[in-house]
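Secondary and tertiary structure notes
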Amino acid sequence: MTFPSTVEPDSDSASQRAWPIRPSERGRRPSQKSQREQLEQDGRGGSATRGNGSGKAGDANEGTAKNRMSTLDLINLSISMGGSQVAWTVELGYGTPFLLDLGLTEQLTSLVWLAGPISGLIAQPVIGAISDASTSKYRRRYWIVTSTIVLVISTLTIAYCREIAAFFVDLLGGGAGSWDPKYGKSVQNTAIGFAIVSFYLLDFALNALQASLRNLLLDVTPPEQLNAANAWHSRMINAGNIVGYGFGFLPLANLPILRLLGGSQFRKFCVVCMIILSVTVWITCWTQEEQERPQRRIEKGNSMRDVFKGIYTTILSLPKPIRRVCYVQVFAFMGWFPFLFYSTTYIGQVMAYELDREPDHDLATRTGAFAMLLYSIVAVAAGTLLPHLTRRDTRLLAHEGDEDEDAELSRLRAQVREWRAEAARHGKPLRLPYMPFFLRNIWTGALLLFTFLTLMTFFVTTVWQAIILVSLVGICWAVACWAPFAIIMEFLKEREGESSTEGEAAARAWLRRPSHSRTLSTPAVRRNSRQGEGERAPLLQRRRSFDQHDPHAKPEAEAVAGGTVLGIHNLAIVMPQFIVALVSSAIFRIVDADTEDDPSNNNALYGKNGVAWVLRFGGMCTLFGAFIARMVPPTRTEKEMRRRLAELKVLQEEGTP
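Counting from 1, residues in each chain are numbered in the order their sequence is written. Reporting in this predicted model follows two pLDDT cut-offs: at least 70 for local features of residues, and 80 or more for side-chain atom pairs to be given and counted; totals over whole chains, interfaces and linings ignore these cut-offs and use all residues. Side-chain numbers here rest on the full set of heavy atoms in the structure, without hydrogens or water.

Within an unreviewed UniProt entry, the label attached to the protein reads MFS general substrate transporter, and the organism entered is Trametes coccinea. UniProt positions are given in the numbering used here, feature names are shortened, and annotations may be inferred rather than shown by experiment. In its Subcellular location (unreviewed entry) section, the UniProt record describing the protein reads: "Membrane".

Our focus in this paragraph is the environment of R495. Here R495 shows up in helix α17 (residues 483-511). Relative accessibility thresholds used throughout: buried, under 20% of the residue-type maximum; exposed, over 50%; partly exposed, between the two (1.4 Å probe, protein chains only). Residue classification places R495 among the partly exposed positions, given a relative accessible area of 38%. Between the C-alpha atoms of R495 and P319, which are 176 residues apart in sequence, the distance is 9.5 Å. Strands here are runs of E lasting at least two residues and helices are runs of H or I lasting at least four, both read from the DSSP assignment and numbered beginning at the N terminus.

Bringing the packing of aromatic side chains into the picture now. A ring pair, where both rings are aromatic, is described by two values, the distance of the centres and the angle of the planes. Two rings belonging to Phe, Tyr or Trp (six-membered ring only in the last case) form a pair when the distance between their centres is within 6.5 Å. Interplanar angles under 30 degrees mark stacking, angles over 60 mark edge-to-face geometry, and anything in between is tilted. Scanning the model with the defined rule gives 16 aromatic pairs in all. Pairing F333 with W477 gives two aromatic rings, centres 6.4 Å apart and planes at 75 degrees, and the pair type is edge-to-face. Linking F333 in helix α12 (residues 320-355) with W477 in helix α16 (residues 463-480), this pair joins segments that are 144 residues apart in sequence. Like W477, F333 is buried. Ring centres 6.4 Å apart and planes at 80 degrees place the aromatic pair F339 and F450 in the edge-to-face group. Of this pair, F339 sits in helix α12 while F450 sits in helix α15 (residues 439-455); the two residues are 111 residues apart in sequence, bridging distant segments of the chain. Per residue, the accessibility class of F339 equals that of F450, and both read buried. Grouped by ring-pair contacts, the aromatic residues F333, W336, F337, F339, Y375, F450 and W477 constitute a single cluster.

This part is about the pattern of salt bridges. Any carboxyl oxygen of Asp or Glu within 4 Å of a side-chain nitrogen of Lys or Arg constitutes a salt bridge here. Counting across every chain of the model gives seven salt bridges. With its nearest N and O atoms 3.0 Å apart, the salt bridge here joins R141 to E290. Taken together, the positions of R141 in helix α6 (residues 141-159) and E290 in the loop between α10 (265-287) and α11 (304-316) put the pair 149 residues apart, joining distant regions of the chain. Across the pair E422 and R425 runs a salt bridge, and its minimum N-O distance is 2.2 Å. With E422 and R425 both in helix α14 (residues 405-425), this residue pair falls three residues apart, about one helical turn. Assessed through its relative accessible area of 27%, E422 is described here as partly exposed. Connected through salt bridges with shared partners, the residues R139, R140 and D219 form a single ionic network.

This brings us to unusual backbone geometry. Backbone geometry at D356 places phi at a positive 60 degrees, although glycine is not the residue there. Structurally, D356 is set in the loop between α12 and α13 (361-385).

What follows concerns the side chain of N76. By the element assignment, N76 lies in helix α3 (residues 71-102). Only heavy atoms enter the contact rule, under which two residues are in contact if any of them lie within 4.5 Å. Those residues in contact with N76, other than ones at most four positions away along the chain, are I283, T284, T287 and Q288.

For a helix, the expected span equals 1.5 Å multiplied by the number of residues minus one. Between its first and last C-alpha atoms α3 spans 45 Å; for 32 residues at 1.5 Å apiece the expected length is 46 Å, and the two agree. One axis fitted to the seven residues ending at a residue, another fitted to the seven starting there: the angle between these axes is the bend at that residue. Considering bend angle alone, the principal kink of α3 is centred on Y94 and spans about 65 degrees; proline P97 follows within four residues of it. Positive backbone phi, at 110 degrees, marks G103, one or two positions downstream of α3.

The next subject is the side chain of Q577. In this structure, Q577 sits in helix α22 (residues 576-591). With sequence-adjacent residues up to four places away left out, Q577 is seen in contact with W113, P117, F337 and F341.

Residues enter a nonpolar core if they are buried and are Ala, Val, Leu, Ile, Met, Phe, Trp, Tyr or Cys, with the set joined through side-chain atoms within 4.5 Å. Counting 127 residues, the largest nonpolar core has F98, L99 and W336 as the members making the most contacts within it. Each domain's extent is set by a domain assignment, obtained either automatically or from a database. Here this core spans two domains, since at least three of its residues come from each of domain 1 (69-290) and domain 2 (310-393 + 433-501 + 560-656). Once you skip the residues sitting within four places of it in the chain, W336 turns out to touch Y375, F450, V473, C476, W477 and A480. Grouped together as the second largest cluster of nonpolar side chains are eleven residues, L396, L432, M641 and L651 included.

Bringing a nonpolar patch on the surface into the picture now. A cluster of nonpolar side chains, L448, L455, F458, F459, I590, V591, W613, M620 and L623, forms an exposed patch at the surface whose accessible area comes to about 850 Å². Contributing elements (two or more residues each) for the nonpolar patch: α15, α22 and α24 (610-629). No other element matches α24, which puts three residues into the nonpolar patch. Residue class for I590 comes out exposed when judged on its relative accessible area of 68%. Like-charged residues are merged into a patch within 9 Å and nonpolar side chains (Val, Leu, Ile, Met, Phe, Trp, Tyr) within 5 Å, provided each residue has over 30% relative accessible area and no salt bridge. Using the Shrake-Rupley algorithm and a 1.4 Å probe, accessible areas are obtained, with residue cover drawn only from the displayed protein chains.

Looking now at a negative patch on the surface. Among the surface-exposed residues, E403, D404, E405 and D406 lie close enough to one another that they form a single negatively charged patch. Inspection of the secondary structure assignment puts D406 in helix α14. Given the relative accessible area of 58%, D406 is considered exposed. None of His or the chain ends enter the tally, which takes Lys and Arg as positive and Asp and Glu as negative. Lys charges are placed at NZ, Arg charges at CZ, Asp charges at CG and Glu charges at CD.

Listed below in structure tokens is the structure:
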């Protein structure tokens, strides 16, 4: 990885801190390279200095040095994640009431919601593996657009399922009239069938869409801005929740234009969500640009058998840091799924406890939705503020010219002398940069906070206390949508950097070998660089020939399958849902057994406390997750920053009189 000789300030507060460059330093450049290194750089065709002239984000996987993304670039990249989350609210907030209104039983409704974990197990890793194998410059955006099209069609089918069902029954029903009781039953059953199939398509499309958006972020974002990009994704997810739940509260049926659509509030909400989704996806696909990836000789066919074999191989060969992140996610989402499923029900049970009777169900539902709205607002605020704690001071990052430890130490020593002189001129003590919080520390703290809040349910007795508790969980959710993804993507970028630099390091080592070629030893070549093209080409050809036939040459490193790894990470998120379903059923059976077995008790909320115990179970799981999170090692960048800060402290003490 190469670093720019001058670091421009970044307008995004969630990214790296800008290091102010003095005018006298702007003209500085590293010492002149040796002839062999210059030949090597020219032989690479200057690929390390090509930028994205179009102003759009380029491909980060090809080892090209790119301009830093502005805040507007990060917003354009992440805004479609907010649109996808708005689409999620169609299912999460309003799907169950709609299916029950169609006439589906509660047991069948629970089977419909199996679409979520099933699609998460299949769609994300498969789409990631297929797009990883593609060499097209549209390999991520193709799946983004395809998923969006399927999502729009399935959602509109749900919104108009009764009308569509009536059309097909009229077409194929043999001329039965609307007065025939069998006609109404046929329309209802057909509408239920369309709704179930559409909800499954919606789940698969949403998982594919969000997976492709994560993969696109990994591809186009510079390594040093992955933290900022994932923070923006987290903000957009929670902003999408706010927009979705907010539109659900608005009386859409009274709006002039939407009134023409007819139907219920749910239909108008679906149409509005699909408009938002389409606009946001168009913004992302139009403003982001991928690059074609050359076919690697290690790649195999793209059949489904190869795809699943690649996923299986990647699971077995996951790097230890990424594997530990997945372990943490298993326990973390054993705590998150109970909260996401039952938080509104918990508000209703607390309301019943406070009133000492069965509350009005509409009031309880609205109160729970209000708590979730506050939860989303808190999550947006936390997602905006918390990344400041991990903002990295560029003075602790690597600089161009740090070819070895001696060169870096010399630079740090000169830097300390300059800072000391600058501080003396202003009459202030020398202050070194601060080490930011590690991402794993923020993540661990959020998991511990979640455990604390769930255990506080022992002391919650009023509705407002429950609302405050649910709202504070938004802090933990903001971290859950940001930190683990940033950690994994940073590890992936480091592995990609290692793979790309191994070949360059080997080439530099060979070029430094004693050579009998007069092309390297003749000083005239250095003095007359214009002769380089004719003389360098044979040298580079000989270097490639040597690499191909040297028995000690290291084989080509396999490329990191970023999309596949992110899909496997999603498996760790989805799998706990099945465990939580079984454990929750057992807890409900044990805690609420007396109420359920009483035939005279028809209360849905009063006298029940099972949800609180399910939340506490989830809190204990996140406690285990926090313990495992301490085993996730810092990234290489974080380790190097910590080492440089320690060296700066030693150099500061050496110069102190």
